[in-house]
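Analysis of the macromolecular model
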Amino acid sequence: MARRVGLALLGALGFLLVCELALRALPVSTSTQTGYYIDPLVMTNPPGHEWVAATGWDLRNAQTLRSNNAGFAAERDFHPDPAAVALVGDSYVESSMLPAPQRPQAQLERALGGSRPVYAMGSPGTALLDYAERIRLASERWGVRDFVVVMESGDLRQALCGSGQVHARCLDPVTLQPRTELAAPPSNIKQWLRRSALAQYLVSQLKVSPERLWRLALASSRPPGHAAARAPSVQPVAAPNLALVNAVAAAFFDRVAPYVKGQLVIVVDRNRSRAARDQAFDDPERARFIALARQAGARIVDAEPLQQRHHAQSALSLEVGPYDRHFNALGIGMLMDAAAQALPGTAP
């Protein structure tokens, strides 16, 4: 019996080793190794770090990225330059699924006629108050005066502490007061898993979550009578929370006020998945933020009429695909052209 168990374990270990070696030969997403390398409130990759990004089990849109001297996935290093434009956001700015010439940095530089360098400061898993810290960093360290912020539909609610989309600055979900919530340093186990192609494939490509597997295991161990108490498969849409919008906007604009010495342009996307399901969808939170941003002196690029105009004239999608709602090269170009027009000194 012990011999059979030993052979089974040996076979399982051999299978895992073969999987590990095979996946190392494929463009599986690798670890970004993010941390607070250049600023205590701004999480970046290690400067000069190289990693691979891919989508799904079949490794679609595989790209190799390399961080610049500031730790961002950008095609140029950052140096003091008051003519530079900082492009700030989350994965919509990084756009790791696209070739470098199609990403927002390159497209905004072309839209500006090549006259101004663009510093792409995109960091996935962040929200609006983290963007404010990058604006501060760009102003203090590189003398940047003009900023373009790309906001996606979740950036307001994700600014709450505990949302899972915070690197440093957030609002307390009860008091709505700003506070700092830093990410914990990786454990030894996590550091080891970062180096495993098999572990990265399970987590990055198949989206396997150990916490979710544990919850499923607990649920399957319960008697059948507990099934009726499970959460409904379709969750109700959250009611508009304008108090939250007011608090996030106030914290953001108070923070960036000393550092925006030129122009702040905010590109505001809409909830495209919700709008596709409900043509009469109205977003009071989005409308409220746009109004507050304009009161604070920001120039708004509203993506909604741009997208509606495009769809009225063309059947071409603005998204990477049904499996990825990020903008494709066409969608990015449309937004970056509009952002360039909103910056001072740009010819109409």
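Everything below is about the structure printed above this text.
Here the structure is a predicted model, which is why all the values come from computation and not from measurement.

Remark: helix 8 (residues 242-256) packs on helix 10 (residues 284-295), axes separated minimally by 9 Å, with the N-to-C direction vectors making an angle of 30°. Judged by the angle between their axes, helix 8 and helix 10 are roughly parallel. Where helix 8 crosses over helix 10, the two elements pack in a sense that is right-handed. Here helix 8 contributes Leu242, Val245, Asn246, Ala249 and Phe253 to the contact with helix 10, which in turn contributes Pro284, Glu285, Arg288, Phe289, Leu292 and Ala293. A breakdown of the residues in the contact of helix 8 with helix 10 according to their chemical character gives 8 nonpolar, 1 polar and 2 charged.

So, about helix 8. For helix 8, which comprises 15 residues, the first-to-last C-alpha distance of 21 Å matches the rise-based estimate of 21 Å (1.5 Å per residue) to within 8%. The complete set of buried residues in helix 8 reads Leu244, Val245, Ala247, Val248, Ala249, Ala251, Phe252, Phe253 and Val256. In this structure, the buried residues of helix 8 make contact with helix 4 (128-142), strand 8 (169-171), strand 9 (178-180), strand 10 (264-268) and helix 10. Looking at where helix 8 begins, the residue whose side-chain oxygen comes 3.4 Å from the main-chain nitrogen of Ala243 is Asn241.

Bringing the sheet that holds strand 7 (residues 146-151) into the picture now. An order of 6-5-7-10-11 is seen for the 5 strands of this open sheet, with the pairing classed as parallel. Each edge of the sheet is formed by a strand with only one pairing partner; in this case those strands are strand 6 (118-122) and strand 11 (299-302). Shown here is a sheet whose adjacent strand axes are inclined to one another by a mean of 20°, direction ignored. When strand 5 (residues 85-89) meets strand 6, the two strands line up parallel, connected through 5 bridges.

Basis of the calculations
- Residues numbered from 1 in each chain as written.
- Predicted model: local features only at pLDDT ≥ 70, side-chain atom pairs only at ≥ 80, totals over all residues.
- Heavy atoms only, no water.
- Axes fitted to C-alpha atoms, helices over the stretch in contact; angles between N-to-C directions.
- Helix = DSSP H or I, 4+ residues; strand = E, 2+ residues; numbered from the N terminus.
- Parallel < 35°, antiparallel > 145°, perpendicular 65-115°, else oblique.
- Left-handed = near helix turned anticlockwise from the far one by under 90°.
- Contact = heavy atoms within 4.5 Å.
- Nonpolar A, V, L, I, M, F, W, Y, C, P; charged D, E, K, R; others polar.
- Expected span 1.5 Å × (residues − 1).
- Buried < 20%, exposed > 50% of the residue type's maximum accessible area, 1.4 Å probe, protein only.
- Polar contact = N/O pair within 3.5 Å; in protein donor to acceptor, adjacent residues only side chain to side chain.
- Pairing = 2+ DSSP bridges.

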